[in-house]
Amino acid sequence: MSTDNIEKLVGAFVEALQIEPITVTDELQYNTIKEWDSVAHMTLVAALEEAFDIMLDTDDIIDMSSVAKAKEILGRYDVNF
C-alpha cells in the first residue's frame, strides 16, 4: 500500500470537492453528498489526472462512481494503493 498515493487521492478529492479529508472513504459515492455533483466530478477528474500524471479514458471518467471505484480505475493506470 502506497501512503503517498493515498495522500494524493485524498488530496485530489479534498481539493476538487472542497470536503474534509475524513470524508474521503471507500464508501463515499458520487451524488451522495451535495459537493460531489457533475461539475465537481469533472474538477475531480482533472485533479486526479494532475496528481497522478495520467489521462483518464472517457469510460473510466463515467464509471468513477465512488472512492473505491476511483482506486480500482487508477490501478489500471499502474497507480497502486
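Before reading on, note that the structure itself is shown above.
Residues numbered from 1 in each chain as written. Predicted model: local features only at pLDDT ≥ 70, side-chain atom pairs only at ≥ 80, totals over all residues. Heavy atoms only, no water.

## Some thoughts on the side chain of Asn5
The cut-off we apply is this: Elements are defined by DSSP. Helices are runs of H or I of four residues or more, strands are runs of E of two residues or more, and each kind is numbered from the N terminus. The contact criterion used throughout is that any non-hydrogen atoms of two residues lie within 4.5 Å.
Along the polypeptide, Asn5 turns up in helix H1 (residues 3–17). Not counting the four nearest positions on each side in its chain, Asn5 is found in contact with Phe52, Val79, Asn80 and Phe81.

## A word on the packing of H1 against helix H4 (residues 67–75)
This is how the line gets drawn: Every angle, taken between N-to-C directions, lies between 0 and 180 degrees, and every axis is a line fitted to C-alpha atoms, over only the stretch in contact when it is a helix. Angular relationships are summarised with four words: roughly parallel below 35 degrees, roughly antiparallel beyond 145, roughly perpendicular across 65 to 115, and oblique for the angles in between. A crossing counts as left-handed when the near helix is turned anticlockwise from the far one by less than a right angle, and as right-handed when that turn is clockwise. For this scheme, ten residues count as nonpolar: Ala, Val, Leu, Ile, Met, Phe, Trp, Tyr, Cys and Pro. Four count as charged, namely Asp, Glu, Lys and Arg, and the remainder, Gly too, count as polar.
Two elements in contact, H1 and H4, have axes separated by 12 Å at closest approach and are oriented at 125°. In this view, H1 runs oblique relative to H4, as classed from their interaxial angle. Regarding H1 and H4, the two cross each other, and that crossing is right-handed. Contacts between H1 and H4 involve Ile6, Leu9 and Phe13 from the former and Val67, Ala70, Lys71 and Leu74 from the latter. Taken together, the residues of the contact of H1 with H4 break down into 6 nonpolar, no polar and 1 charged.

## Observations regarding the nonpolar core
Short version of the rule: Only buried residues count toward a nonpolar core. Its members are Ala, Val, Leu, Ile, Met, Phe, Trp, Tyr and Cys residues joined through side-chain atoms within 4.5 Å. Per-residue accessibility, obtained with a 1.4 Å probe over protein chains only, is compared with the maximum for each type, and a residue is labelled buried under 20%, exposed over 50%, and partly exposed between these values.
The biggest cluster of nonpolar side chains holds 25 residues, and the ones touching the most others in it are Leu9, Phe13, Leu44, Leu48, Phe52, Leu56 and Leu74. Contributing elements (two or more residues each) for this core: H1, helix H2 (38–52) and H4. Ignoring anything within four residues of it in the chain, the contact list for Leu44 reads Ala12, Phe13, Ala16 and Trp36.

## Looking at H4
Just so we agree on the cut-off: Here, the arc refers to the directions that run from the helix axis to the C-beta atoms. Polar contact is defined as a pair of N or O atoms within 3.5 Å, subject to the rule that within protein one atom must be able to donate a hydrogen and the other to accept it, and that residues adjacent in sequence are counted only when both atoms are side-chain atoms.
Every buried residue belonging to H4 is among Val67, Ala70, Ile73 and Leu74, and all of these are buried. Taken around the axis of H4, the buried residues stretch over an arc of 115°, which confines them to a single face. Buried residues belonging to H4 abut H1, H2 and helix H3 (58–63). For H4, the capping residue at the N-terminal end is Ser66, with a side-chain oxygen 3.5 Å from the backbone nitrogen of Ala68.

## Details of the packing of H1 against H2
Two elements in contact, H1 and H2, have axes separated by 8 Å at closest approach and are oriented at 150°. Between H1 and H2, the angle is such that the two are roughly antiparallel. Classified by chirality, the crossing of H2 by H1 is right-handed. Residues Asn5, Lys8, Leu9, Ala12, Phe13, Glu15, Ala16 and Leu17 of H1 touch H2, and the partners they reach there are Ala40, Thr43, Leu44, Ala47, Leu48, Ala51 and Phe52. Taken together, the residues of the contact of H1 with H2 sort by class into 11 nonpolar, 2 polar and 2 charged.

Function cannot be inferred from these measures alone, as they are strictly geometric.
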